[in-house]
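Breakdown of the fold
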Amino acid sequence: MLKRLAVLGQPISHSRSPAMHSAALAELGLAEEWTYEAIEVAPDEFAERARSMAGDGFVGANVTVPHKLAALAIADEASQAARAIGAANTLSFRGDGIAAENTDATGFLDALQQRPGGKRALVMGAGGSARAVVWALVSHGAEVAIWNRTPERARVLAVEFGAEVTDAGSDDVDYEVVVNATTVGMGASSGEPAELQSLPLDADALGGNHVVVDLAYGANETELAHVARARGARVVDGLEVLVRQGAASLRIWTGLDPPVETMRRAARGRLDSGSD
Ligand code: NDP
């Protein structure tokens, strides 16, 4: 019987996940048995739709904006990471119910490609993806400071996860890892107004000692990624994080080592939207 996979979101038509996962399934020799599709689901339909998927032959689903909280809420069991983060992006439909995982956190750590333990990290943003990033960094021993446009949200997150709050500014050179988890830069394309003025970073202070992770991505490199790279920082862009979270999901569903390079090529093949 065909094993179906999907990504659920709204909007979803520009998601790169179907191309990325379909390429991976083909590379693994599973293209005849497994499929991956994008399904647009409105918030008020999400719970019912997700619960009916097992009956329609689905074995798993990625979940993206705006359903990640609801995905955790409907699950029968959830990983420690998903519970701590308060959101799930990966569902598995099993005989005994729905299992929830959050691979945004592991995807971020895999993309970082270095142990964050003992490092000072600045996370900009306090929304859903910032929760996964802050949890991942703190639980692996980094010292994390959070900046957010609305400072109260940074305070709430910092208390919950054991991080600090910062207004960043001139002391941002102290951070070895800098993460943009805001929507600034999302859907970046040439001709966009300058993004960096919305963030607290002094771009001139970035250099070879910094790793800059920009979760946002679009048709073109984000201004943050561009400037950081030009200053000699190691840059991890949003597509790399997307690939790594997708690879972690695929490992959960198939139990196989995901072909990361194939997924990377497929994800970068279409660069016309900012949706994950
Ligand atoms: P949320 O809507 O949950 O959070 C948005 C965040 O952006 C908030 O902290 C918000 O601040 C901030 N923000 C919005 N507008 C501005 C602005 N003009 N200036 C400064 N800060 C601003 O979004 P998510 O956390 O789900 O997503 C954030 C980004 O990460 C998006 O670009 C998304 O595409 C990307 N992403 C990428 C993934 C990947 O795999 N590469 C995975 C998940 C997300 P405030 O609290 O003040 O409103």
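The present account deals with the structure reproduced in this document.

About the criteria used
Residues numbered from 1 in each chain as written. Predicted model: local features only at pLDDT ≥ 70, side-chain atom pairs only at ≥ 80, totals over all residues. Heavy atoms only, no water. Near = heavy atom within 4 Å. Polar contact = N/O pair within 3.5 Å; in protein donor to acceptor, adjacent residues only side chain to side chain. Areas by Shrake-Rupley, 256 points an atom, 1.4 Å probe, with all protein chains shown as cover. Helix = DSSP H or I, 4+ residues; strand = E, 2+ residues; numbered from the N terminus. Nonpolar A, V, L, I, M, F, W, Y, C, P; charged D, E, K, R; others polar. Contact = heavy atoms within 4.5 Å. Pairing = 2+ DSSP bridges. Right-handed = clockwise from strand over helix to strand, strands pointing away. Buried < 20%, exposed > 50% of the residue type's maximum accessible area, 1.4 Å probe, protein only. Arc of directions from axis to C-beta. Core = buried A, V, L, I, M, F, W, Y, C linked by side-chain atoms within 4.5 Å. Axes fitted to C-alpha atoms, helices over the stretch in contact; angles between N-to-C directions.

Focus on the site of the ligand
Every one of the 24 residues lining the ligand counts as a neighbour, but Ser129, Asn148, Thr150, Arg153 and Gly238 are closest to it. Alanine 126 places a polar main-chain atom, nitrogen or oxygen, 2.9 Å from an oxygen atom of the ligand. Measuring from an oxygen atom of the ligand, one finds a side-chain N or O atom of threonine 150 at 2.5 Å. Protein chains bury 82% of the 930 Å² of accessible surface belonging to the ligand in isolation. At the level of elements, α6 (128-139) and α9 (238-254) are the ones that each hand at least two residues to the shell around the ligand. Residues of the shell around the ligand, tallied by class, amount to nine nonpolar, 11 polar and four charged.

Considerations on the side chain of asparagine 62
Position of asparagine 62 among the secondary structure elements: in strand β3 (residues 58-63). Only 2.7 Å separates the side chain of asparagine 62 from the side chain of tyrosine 36, close enough to count as a polar contact. Only 3.0 Å separates the side chain of asparagine 62 from the side chain of serine 249, close enough to count as a polar contact. Asparagine 62 has contacts with Ala6, Val7, Leu8, His21, Tyr36, Asn89, Thr90, Gln245, Ser249 and Trp253, leaving out every residue within four places of it along the chain.

Concerning the pairing of strand β2 (residues 34-40)
Bridge analysis of strand β1 (residues 3-9) against β2 gives seven bridges, and the strand direction is parallel. Residue pairing in the sheet places leucine 5 in a bridge with tyrosine 36 of β2. Between β1 and its parallel partner β2, the chain crosses via helix α1 (residues 17-27), and the hand of that crossover is right-handed.

Topic: the pairing of strand β12 (residues 234-237)
Taken together, the four bridges between strand β11 (residues 211-214) and β12 define a ladder with parallel strand orientation. What sits directly across from valine 213, in β12, is valine 236. Handedness of the crossover is the feature at issue here: the chain leaves β11, passes through helix α8 (residues 223-230), returns alongside β12, and the resulting connection is right-handed.

Re helix α7 (residues 151-161)
Within α7, burial applies to Ala154, Leu157, Ala158 and Phe161. In a view along the axis of α7, the buried residues occupy a sector of 100°, so they form one face of it. Backbone geometry just after α7 places glycine 162 at a positive phi near 75°.

A word on α8
Within α8, the full set of buried residues consists of Leu224, Ala225, Val227 and Ala228. Where α8 is buried, its residues contact β7 (120-124), β10 (177-180), β11 and β12.

Side note on the nonpolar core
Membership of the largest hydrophobic core comes to 34 residues, with the highest contact counts inside it found for Phe108, Val123, Val134, Leu137, Val144, Ile146 and Val213. Looking at this core, the elements with two or more residues in it are α4 (80-85), α5 (103-112), β7, α6, β8 (143-147), α7, β10 and β11. It is α6 that provides the largest number of residues to this core, a total of seven residues. Ignoring sequence-local partners within four residues, the contact set of leucine 137 consists of Phe108, Leu112, Pro116, Ala121, Val123, Ala142 and Val144.

Overview of the sheet that holds β10
Reading across from one edge, β9-β8-β7-β10-β11-β12 is the order of the six strands in this open sheet, with parallel pairing throughout. What marks the edges here is a single partner per strand, and that holds for β9 (164-165) and β12. In the packing of α8 onto the sheet, the strands contacted are β7, β10, β11 and β12, and the crossing angle to β11 comes to about 165°.

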